[in-house]
Each structure stands twice: as structure tokens, then as C-alpha cells.
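# Overview (structure and organization)
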Amino acid sequence: MSDDDNDICPLCCEELDLSDQQFFPCKCGYQVCMWCWHRIKESESGLCPACRTPYGDDPHEFSAVDMEEVVAANKEKTLAEKRERERLRAMKEQEKRENLANYATVGSGGG
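Report on the accompanying structure. As the structure is a prediction and not an experimental result, all values here were calculated from the model.

### Some remarks on the overall build of the chain
- Helices and strands together make up the secondary structure of the chain, namely 3 helices and 2 strands.
- Mapped in sequence order, the helices and strands of the chain form the string α-β-α-β-α.
- A total of 111 residues make up the chain; the buried ones form 15% of that total.
- Pairs at least 24 residues apart make up 36% of the contacts formed inside the chain by residues separated by at least 6 positions.
- Surface summary for the chain: the accessible area is close to 8,800 Å², and the carbon and sulfur share equals 50%.

This is how it looks when you write it as C-alpha cells:
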């Protein structure tokens, strides 16, 4: 599993935010987002999807997120998005150049 796969809730397939990344509601270590955990507890079986242990009222492991961590993660995400936009823009420019190079140049004059 890649690191990117670890940042996605296996149930709803949404990206885990920093709070969710620190949230392990079962002793088996199966990680779901808080939204899915709450939905399972309130509307479904109340059991961990991995080991079928009943979820308690208090999650097994949860640590508060440091505000500096949130700010740093948001900056990194913004920079990554900017780099991706720049990469896509450069690819489009290169594609335009390649398409233009495929056209034959028509000479002028001659008689």
C-alpha cells in the first residue's frame, strides 16, 4: 500500500484530514474517518469493520492535532497543488509546440 492509500478512508474513500489521521477507533488499528466511525456507531452495527469488535463510546486512540501541524500541512497542500497546475500548464505548452511543429510551413512568393 502506498502512503497515498493510507490517507484515504477505506469506507467512504474520502481523504483523511489531520484529525482523522490521528484517529484509531479500534484496538486492532483499523483506521476510518470520524464521520464513518460515528455513522457505524449510530446507524449501523457498531462493530469495527475489520475485526468486528464493538466500538466503545471513547475511541481507542486519538491525539489532538497541533495547530502548527495544520498550518504546515495546508501550506504543503497548497504548494503541491500549485506545482501540479504548473506541471499541467507546461505539458499543455509543450503539446501546443509539438502540434505546431507538425504543420508544414508554406513558403511565400515565387513566380
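From this point, the narrative continues.
### Some details on the nonpolar core
- Counting 11 residues, the largest nonpolar core consists of Cys9, Leu16, Phe23, Cys26, Val32, Cys33, Cys36, Trp37, Ile40, Cys48 and Tyr55.
- The element contributing the most residues to this core is helix α2 (residues 34-43), with 3 residues.

### Observations regarding the pattern of salt bridges
- On inspection of all chains with the given rule, the structure shows 5 salt bridges.
- One salt bridge connects Arg87 with Glu84, and the closest N-O pair in it is separated by 2.6 Å. Of this pair, Arg87 and Glu84 both sit in helix α3 (residues 67-101), 3 residues apart, which is roughly one turn of the helix.
- For Arg87, a relative accessible area of 41% gives the class partly exposed.
- Salt-bridge contacts for Lys96 lead to Glu93; the nearest nitrogen and oxygen are separated by 3.7 Å. One end of the pair, Lys96, and the other, Glu93, are both in helix α3, 3 residues apart, so they sit about a helical turn from each other.

### Digging into the packing of aromatic side chains
- The final tally for this structure, using the stated rule, is 2 aromatic pairs.
- Ring geometry for Phe23 against Trp37: centres 5.3 Å apart, planes inclined by 75 degrees, an arrangement best described as edge-to-face. Residue Phe23 is found in strand β1 (residues 23-24), and its partner Trp37 is found in helix α2; the two are separated by 14 residues along the sequence. Take Phe23 and Trp37: they sit in the same class, and that class is buried.
- Ring geometry for Trp37 and Tyr55: centres 6.5 Å apart, planes at 70 degrees, overall edge-to-face. Of the two residues, Trp37 is situated in helix α2 and Tyr55 in the loop between α2 and β2 (61-62); the sequence distance between them amounts to 18 residues. The pair Trp37 / Tyr55 is uniform in exposure class, with both members buried.
- Linked through ring pairs, Phe23, Trp37 and Tyr55 together constitute an aromatic cluster.

Cut-offs used in this document
- Residues numbered from 1 in each chain as written.
- Predicted model: local features only at pLDDT ≥ 70, side-chain atom pairs only at ≥ 80, totals over all residues.
- Heavy atoms only, no water.
- Helix = DSSP H or I, 4+ residues; strand = E, 2+ residues; numbered from the N terminus.
- Buried < 20%, exposed > 50% of the residue type's maximum accessible area, 1.4 Å probe, protein only.
- Contact = heavy atoms within 4.5 Å.
- Areas by Shrake-Rupley, 256 points an atom, 1.4 Å probe, with all protein chains shown as cover.
- Core = buried A, V, L, I, M, F, W, Y, C linked by side-chain atoms within 4.5 Å.
- Salt bridge = Lys/Arg side-chain N within 4 Å of Asp/Glu carboxyl O.
- Phe/Tyr/Trp six-rings, centres within 6.5 Å; stacked < 30°, edge-to-face > 60°.

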